[in-house]
There are 4 protein chains.
Amino acid sequence: MEESFYKESIVLIEGAITEMLAKLDIIKKYKLARNERVPIEYITTRVKTEESMKEKLKRKGLEVNLENALTKIYDAAGVRIVCSYIDDVYQIAEMLKSYKDLKLIKEKDYIKNPKPNGYRSYHMVFEMSLDLAGEIIPVFVEIQIRTIAMDFWSSLEHQMKYKKDIQNQELIAEELKRCADQIATTDLNMQTIRKMINNEE
Amino acid sequence: MEESFYKESIVLIEGAITEMLAKLDIIKKYKLARNERVPIEYITTRVKTEESMKEKLKRKGLEVNLENALTKIYDAAGVRIVCSYIDDVYQIAEMLKSYKDLKLIKEKDYIKNPKPNGYRSYHMVFEMSLDLAGEIIPVFVEIQIRTIAMDFWSSLEHQMKYKKDIQNQELIAEELKRCADQIATTDLNMQTIRKMINNEE
Amino acid sequence: MEESFYKESIVLIEGAITEMLAKLDIIKKYKLARNERVPIEYITTRVKTEESMKEKLKRKGLEVNLENALTKIYDAAGVRIVCSYIDDVYQIAEMLKSYKDLKLIKEKDYIKNPKPNGYRSYHMVFEMSLDLAGEIIPVFVEIQIRTIAMDFWSSLEHQMKYKKDIQNQELIAEELKRCADQIATTDLNMQTIRKMINNEE
Amino acid sequence: MEESFYKESIVLIEGAITEMLAKLDIIKKYKLARNERVPIEYITTRVKTEESMKEKLKRKGLEVNLENALTKIYDAAGVRIVCSYIDDVYQIAEMLKSYKDLKLIKEKDYIKNPKPNGYRSYHMVFEMSLDLAGEIIPVFVEIQIRTIAMDFWSSLEHQMKYKKDIQNQELIAEELKRCADQIATTDLNMQTIRKMINNEE
C-alpha cells in the first residue's frame, strides 16, 4: 500500500503541472498575438519526492496513502514562474486568479513582507480539477512567482540550508541577508529605468 | 480585418491542440501507472492554413473573421491519433467520449464504412472550452483515429490527390483501392495473432 | 566497480545517440532547404539496460567494466530509422556510409535475406568518436532501418518472443511468417504505386 | 540568387547551433555522472535574420551569397551560455577551448574590460566543421558567456538601444551604467558567499 501510493500520485501531480504549463503557454501566445506582453522569463517545475511526501504525512500524523497525498499536501506539485521585474510578479498573480477553473486556496506575499533571512517571493496554492476520461480528481498546485534576481539569491540560500558543517554560519547568513536587500534595491532601480525608457508613469 | 483574423484564431486553435495533447499525455501516464495499456502509437497535429480557412469561409458564403473561423469551421484544429490495431481505434473513441469537458459534435466511422476510394479512418469533432485567464472561448477540434497501416496508405493517396498530370490515373486509383483492402486484411490478421498471443477471446 | 560502470557508460551511449540524432536532423533540414526529400518517417532510440549489458559481458566471459561495455558491445546504443518505402531504406544506408566521421563496423541486409521467422530490417553498426572537451572516446551505435510495416510486424513478433505459456505457439509463428510475407508484398505494391504517381522509372 | 542564399545558409547555421548544443548536453551529463558540476544555468540561441545578414554583407562591400554569408559573418549563429557565478564564465570558456573540433577565431573579455556603457560578457567565435553526409562545410558560431545578472542587465540595455524618442536618454544611460556596476558588485559578493559556504579557498 505505502509502496504504491507514490506511483499513482506522481502521475496526478505531474498531470496538474502539465495542465498548468498548457494554460501558461496558451495565454502567452494569445497575448503575443494581441501585441500584449506576457512578463514570464522562464518556468521551472518540481515534484515532491516520495521520501519527502511520506515524511510530511507522518509528521502530520496521517496515513501514507494516495488520498492523503492529494488532499493534505499543498506543495506536492510546484511551478515556479520567474520574471524580470517586480511589477510583473503582481501582474501574473492577478492573471492566475482570474481563471475560472483555478481555485485559490492560499496566498502569501514574501516580497512586501520578506522572511527574516531575506527571502522574497510570491506564493500561491491553487486547486485544479484533473479530468481523467470522466473521472474528476482535485489536485493542488503550489505557484512561486519571483524575479530573476530573487531566484538566483534563493538558489544560493538553498545551498547553505542543505550544507552541513559550515564554518562562520552566522557571518554567512548576515552576508546573505545583506545581498538580498542589495538585490531588492537593484530590482527596483531596474524597474524604474524600464519605466523611464518606456515612458510608463 | 481579413488580414488579422488568422493571427488570433491560430493561437486559439493551437491552444485547443495543446489542451488535447495535455489530456492524452496525462491519461497515458495515468493508465501506465495502473498497468493499463494506452493503445496510442503516435500523435500528429495539423492547423488549417490561412488560405484554406479563407477559402472555406468564402465557399460557405460567410464573412472572413475570427468569430466565423471559430464557430463555422470544424477542422481548423486537427489531431490524428495513430494506433497499432483496429480495436484500439474504438477504445480511444470511447475514452474520448467520456471526458466531461469534451462535447461530441460529429462522428463518422469510415472503418466500418470505408470511402469508395478505400479510405479508412474514424472521425470525431469535439467542442472544448478554452479558459484564457477568465475569458471562456469554445473551440472545435477534429480527431482522426486510424491504424498505422491506414495512415501509411492515406499518405500515399494524399500524394495522388495533390499531383497534377498523372498518367494512368484510373489504373493507379484501382491499385490504391486494392492495396487499401489488402492492408485492411493484414490489420485484421495482425489483430487475430495478437489475441492468440495474449489469450484474449 | 561493477556497480558504477553503468552510470558512466550510459552517458557516453546517450551522447552517441544525441550526436547521431543531431546529424540526422541537420541533413534532413539541409535536404529540405534544397528541395530534396529525406525519406525518414520517424526515429526511435534505445539504450541497453544495465542488466542486459552485464549479462552480455558475462556470457562473453568478460569483466563487467566501462572499457568492455564500450569496446565489446555493439548494440548498447540503438537508433531505429523508420521510413515509408523499401527504396528509402537503401538510400538512408548509403547516406550514412558517406559520413567521414562514421566508421562502418558491421552491416547485414535482412530485407534481401529475411530471417526464417519473417523478420525484415537493415542493420548497421558504426563507430563514432565522442569529443568530451578534448577527451576523445570511441562509441558504437547500432542502426536499424526498416519500413513502417516491417516495424509494426516486428513489434508483434517481439511480444510473442517475450511471452511465456503461449498456446499454439507453432501455429502463431506460422501465421506471423505469413503476415510478414503479406506485408512485404504490400510494401512493394505501395512503392510501385508511388513510382507511378511520380513518374519515376 | 540573393533571394535563396538565406534559406540554405540558415540550415547550416542552425546545424552548427544543433551541434554545439549537443556538445554541451553531452558534457553536462558526463560531468554529472562523475559528480562534477557543470556551471550552466541556461542556454539561449539566436540566428541572424535575413535582413540583418544582407545589411552586414552590403556594409562590408560584399556580394550577398551563401559563401560570403558563411565565411565573412562571424555572428550569424549565436549561442548564449548563462551561468550563476563569474568564475563559472571562465571555466566554461576554458572547457570550450579544449575541444579538438572547435577552432578559436576570436576572443574578447568584456568582463575584465567592460564596455563604456557598463556591458559585461565573455565573447568567443569558434569555427566548427559540419559533416553533411560527406560534404564538409566550415561554419562560425559566436558564443557569449555571462552571469544571470549580466544577462538581465543587458536585456534592459538592449530595449533602450532599439527604442526611439526616449526622453532623458543621457540620464537613463547614466542610471544603467550605475546599475551595471551595482550588479557586478553583487555578483562578486554572491561568489564570495558561495566560496564561504563550500569552503573553497
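No experiment lies behind these values; they were computed from the predicted model shown.

**A word on the overall build of chain A**
No. 1: Scanning chain A from terminus to terminus reveals six helices and five strands.
No. 2: Scanning chain A from its N terminus toward the C terminus, one meets helices and strands in the order α-β-α-α-β-α-β-β-β-α-α.
No. 3: Its C-alpha atoms give chain A principal-axis dimensions of about 55 × 55 × 20 Å.
No. 4: Taking all 201 residues of chain A together, 34% fall into the buried category.
No. 5: Of the contacts made within chain A by residues no fewer than 6 positions apart, 66% connect residues no fewer than 24 positions apart.

**Some words on the sheet that holds strand β3 (residues 102–109) of chain C**
All names here are of chain C.
No. 1: Across the sheet, which stays open at both edges, the five strands sit in the order β1-β2-β5-β4-β3 with mixed pairing between neighbours. Here the strands that pair on one side only, and so sit at the sheet edges, are β1 (42–47) and β3. If you compare each strand with its neighbour and ignore which way they point, the axes differ by 25 degrees on average.
No. 2: As judged from the six bridges shared by strand β2 (residues 77–83) and strand β5 (residues 135–147), these two strands associate in the parallel manner. Paired with Arg80 across the two strands is Gln144, which belongs to β5.
No. 3: Along the sheet face, helix α1 (residues 5–33) touches β1, β2, β4 (122–132) and β5 and points at about 60 degrees away from the line of β5.

**Describing the sheet that holds strand β1 (residues 42–47) of chain D**
Think of a sheet as strands paired side by side through backbone hydrogen bonds, with each pair either parallel or antiparallel.
All names here are of chain D.
No. 1: Ordered by their spatial adjacency, five strands build an open sheet running β1-β2-β5-β4-β3, and the pairing between neighbours is mixed. Of all strands in the sheet, those bounded by a partner on one side alone are β1 and β3 (103–109). When the angles between neighbouring strand axes are averaged without regard to direction, this sheet yields 25 degrees.
No. 2: Helix α4 (residues 86–97) rests against β2 (77–83), β3, β4 (122–132) and β5 (135–147) of the sheet, and its axis sits at about 165 degrees to β5.

**Concerning the nonpolar core**
Within soluble globular proteins, side chains that are nonpolar tend to cluster in buried spots.
No. 1: Core analysis: the largest hydrophobic core is formed by 102 residues, its most contacted members being Ala16, Val139 and Val141 of chain A together with Ala16, Val139 and Val141 of chain D.
No. 2: With residues near it in sequence (within four places) discarded, Val141 of chain A still touches Ala16, Ile17, Met20, Ala77, Val79, Phe126 and Met128 of chain A.
No. 3: In terms of nonpolar packing, the next biggest core, distinct from the first, is built from 101 residues, Leu130 of chain B together with Tyr85, Ile148 and Ala149 of chain C among them.

**What to know about the interface of chain A and chain B**
No. 1: Taken together, the 26 residues of chain A in the interface contact 26 residues of chain B.
No. 2: For the side of chain A that touches chain B, the elements supplying multiple residues, two or more each, are α1 (5–33) and β4 (122–132) of chain A.
No. 3: Broken down by element, the residue count for the side of chain A that touches chain B peaks at 14 residues, all from α1 of chain A.
No. 4: Split into classes, the residues belonging to the side of chain A that touches chain B amount to twelve nonpolar, four polar and ten charged.

**Some thoughts on the relation of the copies chain A and chain B**
No. 1: Take chain A, turn it by 180 degrees, move it 0.0 Å along the axis, and it overlays chain B with an RMSD of 0.0 Å. Such a combination of rotation and displacement between the chain copies is what one expects of a two-fold axis.

**Describing the relation of the copies chain A and chain D**
No. 1: Superposing chain A onto chain D takes a rotation of 180 degrees plus a shift of 0.0 Å along the axis, which leaves an RMSD of 0.0 Å.
No. 2: A share of 100% of the interface residues of chain A reappears at the interface of chain D, consistent with the copies meeting face to face through the same patch.

**Observations concerning the pairing of strand β2 (residues 77–83) of chain A**
Residues and elements named next belong to chain A.
No. 1: Burial runs high along β2: five of the seven residues are buried.
No. 2: Where strand β1 (residues 42–47) meets β2, six bridges bridge the pair, whose relative direction is antiparallel. From the neighbouring strand, Thr45 faces β2, where its bridge partner is Val79.

**Section: the domain arrangement of chain A**
Accessible area lost upon the coming together of the parts is a frequently used measure of interface size.
Residues and elements named next belong to chain A.
No. 1: Considered domain by domain, chain A is made up of domain 1 (5–148) and domain 2 (153–197).
No. 2: Domain 1 puts nine residues into the contact, and the matching count from domain 2 is 13 residues.
No. 3: For the side of domain 1 that touches domain 2, a count of residues per class yields three nonpolar, four polar and two charged.

**Things to note about the packing of helix α5 (residues 148–161) of chain B against helix α6 (residues 169–197) of chain B**
All names here are of chain B.
No. 1: Running from N to C, α5 and α6 cross one another at 170 degrees; their axes reach a closest spacing of 10 Å. In terms of orientation, α5 lies roughly antiparallel with respect to α6. Touching Ala149, Met150, Trp153, Glu157 and Met160 of α5 are Ile172, Leu176, Cys179, Ala180, Ile183, Thr186 and Asp187, all from α6.
No. 2: Along the lines of polarity and charge, the residues of the contact of α5 with α6 split into nine nonpolar, one polar and two charged.

**With respect to the environment of Asp87 of chain A**
No. 1: In this structure, Asp87 of chain A sits in helix α4 (residues 86–97).
No. 2: Remark: the alpha-carbon pair of Asp87 of chain A and Thr147 of chain A, spanning 60 residues in sequence, is separated by 9.4 Å.

**Re the interface of chain A and chain D**
No. 1: The partner chain D presents 24 residues to the 24 residues of chain A that form the contact.
No. 2: Residue assignment for the side of chain A that touches chain D shows that the elements contributing at least two residues are α5 (148–161) and α6 (169–197) of chain A.
No. 3: Among the elements that take part in the side of chain A that touches chain D, α6 of chain A stands out by supplying 13 residues, more than any other.
No. 4: Partitioned by chemical class, the residues of the side of chain A that touches chain D number 15 nonpolar, six polar and three charged.

**Remarks on unusual backbone geometry**
No. 1: Not every positive phi belongs to a glycine, and Ala133 of chain A is a case in point at roughly 50 degrees.
No. 2: Among the secondary structure elements, Ala133 of chain A is positioned in the loop between β4 and β5 (135–147).
No. 3: Despite not being glycine, Asn199 of chain D has its phi angle at roughly 55 degrees, a positive value.
No. 4: Relative to the helices and strands, Asn199 of chain D is located in the segment after α6 (169–197).

**So, the environment of Arg120 of chain D**
All names here are of chain D.
No. 1: Mapping Arg120 onto the fold places it in the loop between β3 and β4.
No. 2: The exposure class of Arg120 is buried, given the 25 C-beta atoms found within 10 Å.
No. 3: Between the C-alpha atom of Arg120 and that of Met150, which follows or precedes it by 30 residues, the distance is 6.3 Å.
No. 4: Residues in contact with Arg120, not counting those within four places in the same chain, are Tyr110, Ile111, Pro114, Arg146, Met150, Ala180 and Ala184.

**Things to note about the pairing of strand β4 (residues 122–132) of chain B**
Residues and elements named next belong to chain B.
No. 1: In this structure, strand β3 (residues 103–109) lies alongside β4, joined through six bridges in antiparallel fashion. Bridge assignment links Lys106 to a residue of β4, and that residue is Val125.
No. 2: When β4 meets strand β5 (residues 135–147), the two strands line up antiparallel, connected through eleven bridges. Across the sheet, the residue bridging to His123 is Gln144, located in β5.
No. 3: The turn linking β4 back onto β5 is made up of two residues, and Ala133 within it adopts a positive phi angle of 50 degrees.

**Observations concerning the arrangement of the chains**
No. 1: One thing to see here is that chain A and chain C don't touch, and their nearest C-alpha atoms sit 21 Å from each other.
No. 2: The closest approach of any C-alpha atom in chain B to one in chain D is 21 Å; the two make no contact.

**Overview of the packing of α5 of chain A against helix α5 (residues 148–161) of chain D**
No. 1: Between α5 of chain A and α5 of chain D, the shortest axis-to-axis distance is 10 Å and the interhelical angle comes to 180 degrees. When the axes of α5 of chain A and α5 of chain D are compared, the pair comes out roughly antiparallel. In contact with Ile148, Ala149 and Phe152 of chain A of α5 of chain A, α5 of chain D contributes Ile148, Ala149 and Phe152 of chain D.
No. 2: Classifying every residue of the contact of α5 of chain A with α5 of chain D gives six nonpolar, no polar and no charged.

The rules behind the values
Residues numbered from 1 in each chain as written. Chains lettered and ligands numbered in written order. Predicted model: local features only at pLDDT ≥ 70, side-chain atom pairs only at ≥ 80, totals over all residues. Helix = DSSP H or I, 4+ residues; strand = E, 2+ residues; numbered from the N terminus. Buried ≥ 20, exposed ≤ 12 C-beta atoms within 10 Å, placed from the backbone. Contact = placed C-beta atoms within 7 Å. Pairing = 2+ DSSP bridges. Axes fitted to C-alpha atoms, helices over the stretch in contact; angles between N-to-C directions. Core = buried A, V, L, I, M, F, W, Y, C linked by C-beta atoms within 7 Å. Nonpolar A, V, L, I, M, F, W, Y, C, P; charged D, E, K, R; others polar. Least-squares fit on C-alpha atoms with pLDDT ≥ 70 in both. Domains from an automatic or database assignment. Parallel < 35°, antiparallel > 145°, perpendicular 65-115°, else oblique.

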